[in-house]
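Below, each chain spelled out in residue letters.
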Amino acid sequence: MLNKLKKIFEFDKIVVWALTFCTMVFLNNAGTRCEPFAASLYFAILLCGGNIFIYSAIYLASFAFTASAELLFSVILNMSVLCAIYGTFGKRKQLGPTSAVFLGLSLIPYVLLGGRSLYISRAVASLIITFLGAIFYPCIYALKIKGITHPDTLSAFSFCILYVFTFIGGVKYCGFNIYKAFSVLLLMAVSTVLSGKESCFFALLLAIPAAVVYRDAAIFAPFLIFGGISFVFSKFNRLIYEAMLLAAELTSAYIFGLYGNYDYVDLIYFCVALLIFAPLPKIWFTKAADSISSAADKPLPRYEINRTRMLISSRLYEISGTFNEIANLFEIVSSSVPEYDSDGVIVSQIKELCADCPYRIKCRQTNFPTDAEILKLVNIAKSRGRIGTADLPKSFFQKCNQSGRILLKLNDSVSDIAEAMEKEKAAEQTRALVGIQAAGIAAALKGTARSLAKTLNFQKNKESKLSAFLFKKGVNVHEAMIYGEGENTEIHLVLSYVSDDKITALLNEFFKAKFAISEKFDLGNGKTAVVFEQKCRYDCLFGVANAKKEGTEACGDTHSLIKLSRDKFMLALSDGMGSGATAQATSSASLSLLECFYRAGLPNDVALSTVNELLSFVGEDNFAALDIAVIDLNGLLCDFIKLGAPYGFIVSGGAIKLIEGSSLPIGILKEIKPSVCTEPILPGDVILFMSDGITDAFGSSTDLSDYLISVQATNPQKLADKILERALEFYGDVAQDDMTVVACKIFAT
């Protein structure tokens, strides 16, 4: 309860209520016979969504000092009519400035209760009050939405009218000297915060109430002098500025006689205003100037957004070209690497050994050994890994007196060359992998650049209409930006605090479509930036059920359910070789890499071949069966990619569609050929992926299909649970392998 009271009675709200009360008191004093001019402000505040109870109390209290019993009674009737109108129409937000006619109707009791002698004067006053109610609305609307930092022309005009009428009553209520001191203090503050060019205009505005009350145009003269001094000296030292204003005041009074009778009391009021302004911290005015400057600049300027997008797009195209060149370079390097003549190298090394042999003269006479004889030994060594005495041909053994040295050299050479070729093979694989990656990154960057190159078409008319609509619903919109059309519409809003559910429901009502929050971040100072995207017509609901192999510490199956974009999901199941922690690590790594590649926008072939290469580098026992489905929710199509995985299913009503693949698991061979197919899907369809622990339990695809037709489960989680439960029954409730079922149901939003 205490926290709720603290929330209601915040300091800034109390200040607003106090200012509203003073304004209404002054407005009621602006006429000649205590006309209820405050009714116009009260009406405008109700139109702008002000608290009906608090502002009704303030409105009624503003008559406490001046109203007669008859006037107070008519005001109560007037207030009751406005509250009834607001209660009837306001909740549905059907009121607007044109509804000021209701204000005129609510003043009928005020006219009738004045008697015949006051009919005409009160009728005229009622017309003026009605007119002012419509005039004050833009000002109150702007103050509530944007503050006074950057008003448009209409709201600025409305504010000027409100100020003049308020301080006509203020001058009457407080007297000229107090009003002049207040005006000078306000003029100094405004001139210090703003550039100074506005000083003369504000001085003229400040002079109007006093000139109207006293019917004396000469009052404009000293105020215009103050404005001129403010224009010249407001950015100087504060003491110099105030000294010039004091000199202008004394000159106007004693030399030009602009005030008529002038004594030391008048001067004291003026000096008090100067003394109040002198010690005010400079930081206050600096912050106010920064606030106005930042409000004048749109935080989401249209031109800069499109310009920045084009610059980024251009740079991405350049980077994409660089990666393409890298890919081409690796392809050229790979194709230009000459084939290593290992046999010729070994033959040369053996001949060099023979050249140093003490029996070389004997061998030369018989032309021994020939290249063919040495190559025969090389081939034997290569096939067996090394060569021994028993592998030497009898003729070679009889002719060569240094066969032991030749065997040793031959084995060493074959071993060295095999190691070198293995390194070269690894280097070639690395070059190929880097080339593939560079080509994939180039394609992803080019796709992003292409999307950014499209100029955003902003819907300015709809932005203003949306802001007005949300304001009538009680939501303060500091800025709105809408671009795109149809299903690609994006809405960017800067809001004061409002619940996500409320603002989403209001946007759905305004656009007659379904939107969802895609991004949200805090801007500070009570403001939040929220980005909305139109929801797809269809969405996915997922269910997963799994069990680890009996006696193992972890399940070797892993799954992934990620949103690739607004209308695309990726569903994947990875079954690592074997079971336990090693299988889990392999399958988890495979899926993590695939998620990263797909999120980055790499093509299917690049993502899969890269994961395949990396797994094959790690070791020959690291491979995984992969089931991947990329679901397009707008086109209602599903791309199935299968790498060594068992058959999957699309359950559509009472029909079952089998999805099969014939490729090997990922990580076994250097070259992979995944089974890829595209199938249409319908709302209500369920996509099913299962590891071999499930499919082996059922025995055949026919038995599993028959079970899927018989099972009654509309919820994908319940369906996954039932399939796992049935598979465990076949195993005698003891999991003989890792078992996982992943179900995905398509439904209309």
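Report follows, based on the coordinates. (Residues numbered from 1 in each chain as written. Predicted model: local features only at pLDDT ≥ 70, side-chain atom pairs only at ≥ 80, totals over all residues. Heavy atoms only, no water.)

### What to know about the environment of Tyr731
Quick note on the threshold: Note on conventions: DSSP H or I runs of at least 4 residues are helices, E runs of at least 2 residues are strands, and numbering of each starts at the N terminus. A simple rule labels every residue: compare its accessible area, found with a 1.4 Å probe on the protein chains alone, to the largest value its type can have, and call it buried under 20%, exposed over 50%, or partly exposed in between.
Position of Tyr731 relative to the elements: it lies in the loop between helix H28 (716-730) and strand E14 (739-748). Overall, Tyr731 belongs to the buried group, its relative accessible area being 15%. In this structure the C-alpha to C-alpha distance between Tyr731 and Ile694, which are 37 residues apart in sequence, comes to 9.9 Å.

### As for the nonpolar core
Put simply, the rule reads: Each nonpolar core is a collection of buried residues, namely Ala, Val, Leu, Ile, Met, Phe, Trp, Tyr and Cys, held together in the definition by side-chain atoms within 4.5 Å. Every residue pair with non-hydrogen atoms within 4.5 Å of one another is taken to be in contact.
By size, the foremost hydrophobic cluster in this structure holds 74 residues, and its most contacted members are Met24, Leu41, Tyr59, Phe136, Tyr179, Phe226 and Leu245. Setting aside chain neighbours within four positions, we find Phe226 in contact with Val184, Leu187, Leu245, Ala248, Glu249, Tyr259 and Phe270. By size, the runner-up hydrophobic cluster in this structure holds 26 residues, among which are Tyr647, Phe649, Val686 and Val711.

### Things to note about the sheet that holds strand E13 (residues 686-690)
Convention followed: Criterion used throughout: strands pair if DSSP finds at least two bridges between them. Axis definition: a line fitted to C-alpha atoms, over the contacting stretch in the case of helices. Angles run 0 to 180 degrees between N-to-C directions.
Here 5 strands make up an open sheet; going across it, the order is E5-E14-E13-E10-E11 and the pairing antiparallel. Whereas interior strands pair on both sides, the edge strands pair on one side only; in this sheet they are strand E5 (538-547) and strand E11 (655-659). Ignoring which end each strand starts from, the neighbouring axes of this sheet average 20° apart. Bridge count for E5 against E14 is 10 bridges, and the pairing is antiparallel. Bridge pairing in E14 places Ala545 opposite Val741. Contacts from helix H27 (residues 701-710) reach strand E10 (648-652), E11 and E13 within the one sheet, and its direction differs from that of E10 by about 30°. Contacting E5, E13 and E14, H28 runs over the sheet at an angle of about 25° to E5.

### Quick word on the pattern of salt bridges
Selection rule: In the sections that follow, a salt bridge refers to a side-chain nitrogen of Lys or Arg positioned within 4 Å of a carboxyl oxygen of Asp or Glu.
Per the counting criterion, the structure on display carries 4 salt bridges. Taking the shortest distance from any N to any O, the salt bridge between Glu249 and Lys180 comes out at 2.5 Å. Pair noted here: Glu249 is in helix H13 (residues 238-255) and Lys180 is in helix H10 (residues 176-193), with a separation of 69 residues, a long-range link.

### Comments concerning the sheet that holds strand E2 (residues 490-496)
Strand order in the open sheet made by the 4 strands is E1-E2-E4-E3, with antiparallel pairing throughout. Two strands lie at the open edges of the sheet, namely strand E1 (477-483) and strand E3 (515-524), each paired on one side alone. The sheet shows a mean angle of 15° between the axes of neighbouring strands, taken without regard to direction. Examined bridge by bridge, E1 and E2 share 6 bridges and lie antiparallel to one another. For Val477, the partnering residue across the bridge sits in E2 and is Leu495. In the packing of helix H22 (residues 460-472) onto the sheet, the strands contacted are E1 and E2, and the crossing angle to E1 comes to about 140°. Across the sheet, helix H23 (residues 500-511) touches E1, E2, E3 and strand E4 (527-534), and the angle it forms with E3 is around 130°.

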